[in-house]
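Geometric and topological summary
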Amino acid sequence: MNDRPADTAPAKDMAWIPGGRFLMGSDEFYPEERPVHPVRVDGFWMDEHPVTVAQFRRFVKATGYVTLAERPLDPADFPGSDRSVLVPGALVFHRTRGPVDLNDVRNWWAYVPGACWRQPDGPGSSIVGRDRHPVTQVAFEDVEAYATWAGKALPTEAEWEFAARGGLEGARFAWGDEFAPKGRMLANTWQGEFPWQNTLEDGFEGTSPVRSFPPNGFGLYDMAGNVWEWTDDFFAPRQSDRAEHACCIPHNPRTSSPDMSFGHGQPGEHIPRRVIKGGSHLCAPNYCLRYRPAARQAEAVDTSTCHIGFRCIVRPS
């Protein structure tokens, strides 16, 4: 279904993504992006930008919804933990004073009681003046609830990656192969040495208002950097290689089983992971070069952080 439907967009600020065949993944960067394989997706409508603070506020006002980061924690989900520390909160980034061991994320991430979408950096922070910024500190069930309320859905990983490529087959970035053509910054990422030195060449520290950078070929903004975005797929350690051994190209593929997604041997290993895409303002060449369409990462479904947001789609009936 590649032809644009005759009807208009189902909601304001949605772009038609024509669908088609593309090469998914990359053999150049991280193992979980391999192998490159052909995939076909049908056309769909997609939010032109991540869901903003203002949009999420309207949802909360209309429904009374309480996000996961604002709810009391269930001790049963944290066996052996001190109950006194089981208070609502979320993960917040803190810039370090100098170089640190990049193998230990605790050097820059901290669980902050009281952090939530209203206070994304913890108590004392605010969303005042951030109406056009992507909403953050939203866990997977929060974004599912929003999508249902809005009459939309979350994209699969394949749909998200096809849309992010903007019609450029095999390009490294959403705009081509060069990160900053003629020195022009085209996404909100980290410049300098993460996590202590940010030279702010893109003009932003933290999230940026949506539409601050040019759209891709499909008219979509912030498909690289700013915030990671939740997808509907459970995470598998490697891209599907079914196409290499099948007679047909996978059509609208999705990973709907959580079996492969558990982080065995990691904290919270009993919690399934979903795929997040697009990288964020915290991605840097020396640590997380994932502001690319093919890049992917696993995120526990109960996790809320200050650098993950989402956008929705509508599939033609």
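Residues numbered from 1 in each chain as written. Predicted model: local features only at pLDDT ≥ 70, side-chain atom pairs only at ≥ 80, totals over all residues. Heavy atoms only, no water.

Counting secondary structure elements, the protein chain contains three helices and 11 strands. For the protein chain, the succession of helices and strands along the chain, N to C, is β-β-β-β-α-β-β-α-α-β-β-β-β-β. In terms of overall size, the protein chain behaves like a compact globule, its C-alpha atoms giving a radius of gyration of 19 Å where 317 residues would be expected to give roughly 20 Å. Residue burial in the protein chain is summarised as follows: out of 317 residues, 51% are buried. Put simply, 72% of the contacts in the protein chain that link residues at least 6 apart link residues at least 24 apart. With the model as given, the accessible surface of the protein chain reaches about 14,400 Å², and the carbon-plus-sulfur share is 52%. (Helix = DSSP H or I, 4+ residues; strand = E, 2+ residues; numbered from the N terminus. Rg over C-alpha atoms; globule rule 2.2 N^0.38 Å. Buried < 20%, exposed > 50% of the residue type's maximum accessible area, 1.4 Å probe, protein only. Contact = heavy atoms within 4.5 Å. Areas by Shrake-Rupley, 256 points an atom, 1.4 Å probe, with all protein chains shown as cover.)

Using the criterion set out here, one finds 21 salt bridges in the structure. In this structure, the salt-bridge partner of R290 is E32, at a minimum N-O distance of 2.9 Å. With R290 in the loop between β8 (273-277) and β9 (297-300) and E32 in the loop between β2 (20-24) and β3 (37-41), this pair connects stretches of sequence that are 258 residues apart. Take E32: its relative accessible area is 13%, and that puts it in the buried class. Among the charged side chains, a network of salt bridges with common partners joins E157, E161, R165, K277 and R296. (Salt bridge = Lys/Arg side-chain N within 4 Å of Asp/Glu carboxyl O.)

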